Number of protein chains: 2
Amino acid sequence: MARDVEQAGRKQAHLKRETVVQAALNLLNDVGLEGLTMRRLADHLGVQVAALYWHFKNKQELLNAMADAMIADWGRDLPDDEDWAHRLQAGVQDLRRCLLAYRDGARVLADTYVAEENTLRCAEILCEILVQSGCPPASIFNAGWTMLYYVIGLTIEEQAFHTSVDSAYQRILAAALPSPQYPMLSMFQPYLENYDFDARFNYGLNLIIEGLRQESNKSMKEDGSAEQ
Amino acid sequence: MARDVEQAGRKQAHLKRETVVQAALNLLNDVGLEGLTMRRLADHLGVQVAALYWHFKNKQELLNAMADAMIADWGRDLPDDEDWAHRLQAGVQDLRRCLLAYRDGARVLADTYVAEENTLRCAEILCEILVQSGCPPASIFNAGWTMLYYVIGLTIEEQAFHTSVDSAYQRILAAALPSPQYPMLSMFQPYLENYDFDARFNYGLNLIIEGLRQESNKSMKEDGSAEQ
DNA sequence: ACCTGAACACCGTTCAAGT
DNA sequence: ACCTGAACACCGTTCAAGT
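First, a word on what this report is: a plain description of the structure on this page. (Residues numbered from 1 in each chain as written. Chains lettered and ligands numbered in written order. Predicted model: local features only at pLDDT ≥ 70, side-chain atom pairs only at ≥ 80, totals over all residues. Heavy atoms only, no water.)

Thoughts on the interface of chain B and chain A
Facing the 55 residues of chain B at the interface are 56 residues of chain A. Both faces combined, the contact of chain B with chain A buries some 5,600 Å², and carbon together with sulfur accounts for 69% of it. Counting the surface chain B buries against chain A, the share from its top three residues, Tyr113(B), Tyr149(B) and Tyr203(B), is 15%. The tally of links between chain B and chain A comes to two salt bridges. Its salt-bridge partner being Asp111(A), residue Arg107(B) comes within 3.5 Å of it at the nearest N-O pair. Counting the contacts that link chain B with chain A gives 10 residue pairs in polar contact (both at pLDDT 80 or more). When contributions to the side of chain B that touches chain A are tallied by element, the ones reaching two or more residues are helix 7 (105-110), helix 8 (117-131), helix 9 (137-163), helix 10 (168-176), helix 11 (183-187), helix 12 (189-192) and helix 13 (197-227) of chain B. With 17 residues, the top contributor of residues to the side of chain B that touches chain A is helix 9 of chain B. (Contact = heavy atoms within 4.5 Å. Buried area = accessible area lost by both parts, 1.4 Å probe. Salt bridge = Lys/Arg side-chain N within 4 Å of Asp/Glu carboxyl O. Polar contact = N/O pair within 3.5 Å; in protein donor to acceptor, adjacent residues only side chain to side chain. Helix = DSSP H or I, 4+ residues; strand = E, 2+ residues; numbered from the N terminus.)

Okay, here's the thing in structure tokens:
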């Protein structure tokens, strides 16, 4: 147990915000968001619950810090490419990687409204990439939000799916189909039961990027004709 | 108070699943997902907490039923259009309407894996629409999921934004910008502070649909050449 | 069949008091 | 400055017992 080592012979653990956040993320992987309680976290740190409230105003503030820490290593290996669409794709894929690195990571990010270091850096770089599409600023921001919402939405479901113990979804689905009431769902049932989230994610991401590329092409053409 | 009326002179309230679910949805609008507790719900129904556990195995099962009930009136006014893209757009917009009808509605749906009546009907109709795009079945399902994830992701953030009391996001954002560390965010700050979620939603939805339309056109062309 | 009463094992948060 | 001890006002869930 970490706690034995931590407080051996000491009266105060001398917590740092950073170590608390890291311990919380580790605990998250063990017990999930539902099991992540202030008491359990304090236990793991060899400290009383109330001690956490000296470092964090409340649980939400801790969750905010966790969300920002989760994307600390975002964008390490972005390709140094000339094609903005390719860089964008890699960036959004890497965001999903960050969320998948921790159990319920997507829900932590979704339940959170952070504007701290890593989040801002991530937003800055995504803007940089999107600017190169040549689309107007309003579109750049809307497109950025679209990517973010899509990643969060998909990854929440993906992580909920993986941790659902009894997989009630599959049980009920199997009971309901095939049925004459749902001809489409019955006809395509094998596709409904395809749970390859990587493929699912990449398909949708590509859809969004292709939509954006179209607008980009239009914008470029208008710029070109304006210059002539 | 409803509870006074409900149990006046009676020993048993004779709850139905449906009335519990509806009371839960009403309570959700009053107190939000965080404030929605079994005890409070029991109170509103003029009943002891334990009574709820005769009708629902646990809180999650209640939430599942709430999620399905939330989209009970989905698709009422779908246009009887010949253009699949237009119907698709209307359908996804209507899904957002359903989620926005209840406080934290999107989070309720996201925390849930439902395959019950309304959900299946909704999926069936969306498939019907998507089939008319002429895309292959795998694409149809992936595209359907993409829409769903996008709506959920966006609406979670939208509803979190509206109910965030202190709006920490805007506070921290204002403190961080403008800054030479974030040239893009600083340059486009007005766009960052645009919180028109309707416009944001419709832009991204259109992006996805345009991407899908491209694949549809390709599929149609291949079909045409195959017939010749 | 449907609900009550009472308990169990937890929560987040606060705050005086210690060092 | 940083943490302990103890309390407050809650949770979800279970289960014997009532009707």
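Examining the protein's contact with DNA strand C
Near DNA strand C there are 21 residues, and of these Arg39(A), His14(B), Leu15(B), Trp54(B) and His55(B) occur at the shortest range. Backbone atoms, meaning sugar and phosphate, make up 59% of the atoms of DNA strand C lying within 4 Å of the protein. With respect to DNA strand C, the side chain of Tyr53(A) contributes an N or O atom lying 2.8 Å from a phosphate oxygen. The contact in question runs from a phosphate oxygen of DNA strand C to an N or O atom on the backbone of Leu15(B), over 2.7 Å. Counting residues per element, the ones that place at least two in the surface near DNA strand C are helix 3 (38-45) and helix 4 (49-55) of chain A together with helix 4 (49-55) of chain B. The biggest single contributor to the surface near DNA strand C is helix 4 of chain B, with four residues. Considering only residue class, the surface near DNA strand C consists of 11 nonpolar, seven polar and three charged. (Near = heavy atom within 4 Å. Nonpolar A, V, L, I, M, F, W, Y, C, P; charged D, E, K, R; others polar.)

Let's talk about the packing of helix 6 (residues 84-100) of chain B against helix 8 of chain B
All names here are of chain B. The N-to-C vectors of helix 6 and helix 8 enclose an angle of 155 degrees; their axes lie 8 Å apart at closest approach. One element, helix 6, and the other, helix 8, form an angle in the roughly antiparallel class. You can see that helix 6 and helix 8 cross each other, and the crossing is left-handed. Mapping the contact onto sequence places Trp84, Arg87 and Leu88 in helix 6 and Leu126, Ile129 and Leu130 in helix 8. Here the residues of the contact of helix 6 with helix 8 sort into five nonpolar, no polar and one charged. (Axes fitted to C-alpha atoms, helices over the stretch in contact; angles between N-to-C directions. Parallel < 35°, antiparallel > 145°, perpendicular 65-115°, else oblique. Left-handed = near helix turned anticlockwise from the far one by under 90°.)

Comments concerning the packing of aromatic side chains
As enumerated under the stated definition, the model contains 16 aromatic pairs over all chains in all. Geometrically, the ring pair formed by Phe141(A) and Tyr191(B) is stacked, given 6.1 Å between the ring centres and 15 degrees between the ring planes. A residue pair is termed interchain when its members come from two chains, as with Phe141(A) in helix 9 (residues 137-163) and Tyr191(B) in helix 12. Aromatic side chains Phe161(B) and Phe197(B) sit 5.7 Å apart centroid to centroid with 55 degrees between the ring planes, which places their arrangement in the tilted category. In this pair, Phe161(B) sits in helix 9 while Phe197(B) sits in helix 13, placing the two residues 36 residues apart along the sequence. The pair Phe161(B) / Phe197(B) is uniform in exposure class, with both members buried. Members of the aromatic cluster, each reached through a chain of ring pairs, are Tyr113(A), Phe161(B), Tyr195(B) and Phe197(B). In this structure, Arg200(A) packs its charged tip against the face of Phe197(A), placed 4.6 Å from the ring centre. (Phe/Tyr/Trp six-rings, centres within 6.5 Å; stacked < 30°, edge-to-face > 60°. Buried < 20%, exposed > 50% of the residue type's maximum accessible area, 1.4 Å probe, protein only. Lys NZ or Arg CZ within 6 Å of the ring centre and 35° of its normal.)

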